[in-house]
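Residue-level listing of the chains:
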Amino acid sequence: MTSDEILAGLYDETLVGNGPAVLELTHEALAQGMLPGTLLFDALIPALEEVGARFERGDFFVPEMLIAGRAMAGAMEVLRPLLADTGVETIGKFLMGTVKGDVHDIGKNLVNIMLEGAGFEVVDLGVQVAPERFVAAIEEHRPDIVGFSAFLTTTMPMFKANLNALEKAGLRDSVIVMVGGAPVTQEYADAVGADGYAADASATVKRAKALLEQRRAKVPA
Ligand code: B12
């Protein structure tokens, strides 16, 4: 199989949620020396974008979204160590979670992988994380940055609820707050009072590093 055939196959099989085929193609691609990032950005993510578009048009329903998401997650398990293992030293601690009421975690997991690859220590709280769990985890782990992920317009307001909880616990000034997820915009991030927003995983890494540098320049160690 040529690289183009593998990418086309990965796209098609992810779209229809054929997990075993996605895994097989992922292994085949890696055996041929294709880069993990190519599989991710040229096949897996575009396939999920198409899944979303079909759902919006009413051509796909929740079960189709679910199996496509699972198929992608299976490939991510294989790609994860390859994307994260760059051997760089830890540059900061990032606490991450999907907000309460929201179970979308593929985007968040991708961000985590890229952050780890860039040298961040990532503590992942998973999905459906309530404000008080974020507060407790910040007290326990003392991260430099906390990230809130939301994929639904109905759960985005949890950003504000989380920020209020941090404020109430006296933690707002001790941690940088980043927000993201498919429906989130820079305007929304500004409106709720977050410190940073990024539209995708690589932009998150850049923004996180820049925010850390700013913070460290202000508070000399
Ligand atoms: C897969 C999927 C599901 C799966 C989730 C599986 C899982 N484990 O994640 C399942 C089937 C469970 C699901 C359920 C639902 N879903 Co859904 N889902 C999707 C789908 C198709 C893909 C999402 C995804 O993973 N994309 C891939 C990743 C890589 O996305 P990404 O946005 O590019 O991620 C990047 C950024 O967002 C950013 N990022 C992410 N998190 C963070 C965090 C921080 C801090 C930062 C800085 C950056 C950042 O970096 C990421 C990596 O580059 C989207 C459509 C779409 N294309 O977005 C709908 C979508 C998000 N779902 C939608 C809906 C409506 C639902 C349901 C309500 C459906 C229903 N009626 O039950 C339920 C809600 C369940 C719940 N309570 O959460 C709508 C949301 C509409 C809206 N605006 O509110 C969408 C947009 C589909 C649509 N077009 O209508 N869904």
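Since the model is a prediction, treat every value here as computed from it, not as a measurement.

Conventions adopted
Residues numbered from 1 in each chain as written. Predicted model: local features only at pLDDT ≥ 70, side-chain atom pairs only at ≥ 80, totals over all residues. Heavy atoms only, no water. Pairing = 2+ DSSP bridges. Helix = DSSP H or I, 4+ residues; strand = E, 2+ residues; numbered from the N terminus. Contact = heavy atoms within 4.5 Å. Axes fitted to C-alpha atoms, helices over the stretch in contact; angles between N-to-C directions. Near = heavy atom within 4 Å. Polar contact = N/O pair within 3.5 Å; in protein donor to acceptor, adjacent residues only side chain to side chain. Domains from an automatic or database assignment. Salt bridge = Lys/Arg side-chain N within 4 Å of Asp/Glu carboxyl O. Parallel < 35°, antiparallel > 145°, perpendicular 65-115°, else oblique. Expected span 1.5 Å × (residues − 1). Buried < 20%, exposed > 50% of the residue type's maximum accessible area, 1.4 Å probe, protein only. Arc of directions from axis to C-beta.

Asker: Honestly, the sheet that holds strand E4 (residues 176-180) in this entry has me stumped. Any pointers?
Answerer: Sheets are built from strands paired through backbone hydrogen bonds, the pairs being either parallel or antiparallel. Pairing is parallel across the open sheet formed by five strands, whose spatial order is E2-E1-E3-E4-E5. Here the strands that pair on one side only, and so sit at the sheet edges, are strand E2 (120-124) and strand E5 (196-197). Pairing geometry for strand E3 (residues 145-149) and E4, over five bridges, is parallel. The partner of glycine 147 across the bridge, within E4, is methionine 178. In this fold helix H7 (residues 158-168) packs onto E3 and E4, with an angle of close to 150° to the strand it touches most, E3. Here helix H9 (residues 201-218) sits on the sheet in contact with strand E1 (92-98), E2, E3, E4 and E5, set at roughly 165° to E4.

Asker: Would you mind showing me how to read the site of the ligand here?
Answerer: In the neighbourhood of the ligand, 36 residues make up the surrounding shell, with Glu56, Val103, His104, Asp105 and Ala201 lying closest. Within the backbone of glycine 52, a nitrogen or oxygen atom sits 3.3 Å from a nitrogen atom of the ligand. Separating an oxygen atom of the ligand from a backbone N or O atom of alanine 201 is a distance of 2.8 Å. The set of elements that each furnish at least two residues to the shell around the ligand consists of helix H3 (36-57), helix H4 (62-84), helix H5 (106-117), E3, E4 and H9. Considering each element in turn, the shell around the ligand owes the most residues, six residues, to H3. Shared between two domains, the shell around the ligand takes at least three residues from each, and those domains are domain 1 (3-84) and domain 2 (92-218).

Asker: When you look at the pattern of salt bridges in this model, what are you seeing that I'm missing?
Answerer: Where charged atoms from two side chains of opposite charge come close, those side chains can pair. Applying the stated criterion across every chain, the model contains seven salt bridges. Ionic pairing is found between arginine 80 and glutamate 116, a salt bridge with its closest N-O pair at 3.4 Å. Taken together, the positions of arginine 80 in helix H4 and glutamate 116 in helix H5 put the pair 36 residues apart, joining distant regions of the chain. The network of salt bridges with common partners includes Glu50, Arg54, Arg57 and Asp59.

Asker: So what exactly am I meant to see when it comes to the packing of H4 against H5 here?
Answerer: Two quantities define a packed helix pair, namely the angle between the helix axes and the distance between the axes. Closest axis-to-axis distance for the H4/H5 pair is 10 Å, and the angle between their directions is 5°. By the angle between their axes, H4 is roughly parallel relative to H5. For the pair formed by H4 and H5, the contact residues are Gly69, Met72, Met76, Arg80, Leu83 and Ala84 on the first element and Ile106, Asn109, Leu110, Asn112, Ile113, Glu116 and Gly117 on the second.

Asker: Even after reading the chapter, I still don't get H5, so can you show me in this structure?
Answerer: Residues separated by three or four positions in an α-helix point in the same direction, a consequence of the helix having 3.6 residues per turn. Between its first and last C-alpha, H5 extends 17 Å over twelve residues, near the 16 Å set by a 1.5 Å rise per residue. Buried within H5 we find Lys108, Leu110, Val111, Asn112, Ile113, Met114, Leu115 and Gly117. Among the structural elements, H3, H4, E1, E2, E3 and H9 are those in contact with the buried residues of H5. Immediately beyond the C-terminal end of H5, within one or two residues, lies glycine 119, with a positive phi of roughly 105°.

Asker: Is there a simple way to think about helix H2 (residues 19-31) in this case?
Answerer: A rise of 1.5 Å per residue sets the reference length of H2, with its 13 residues, at 18 Å; its end C-alpha atoms lie 18 Å apart and thus fit the reference within 8%. Among the residues of H2, those classed as buried are Ala21, Val22, Leu25, Thr26 and Ala29. Within H2, the buried residues cover an arc of 135° as seen down the axis, which keeps them to one side. The exposed residues of H2 that point more than 90 degrees off its buried face are Pro20, Glu24 and Ala31. At its buried positions, H2 is contacted by helix H1 (3-15), H3 and H4. Note on H2: the residue one or two positions beyond its end, glycine 33, has a positive phi of about 90°.

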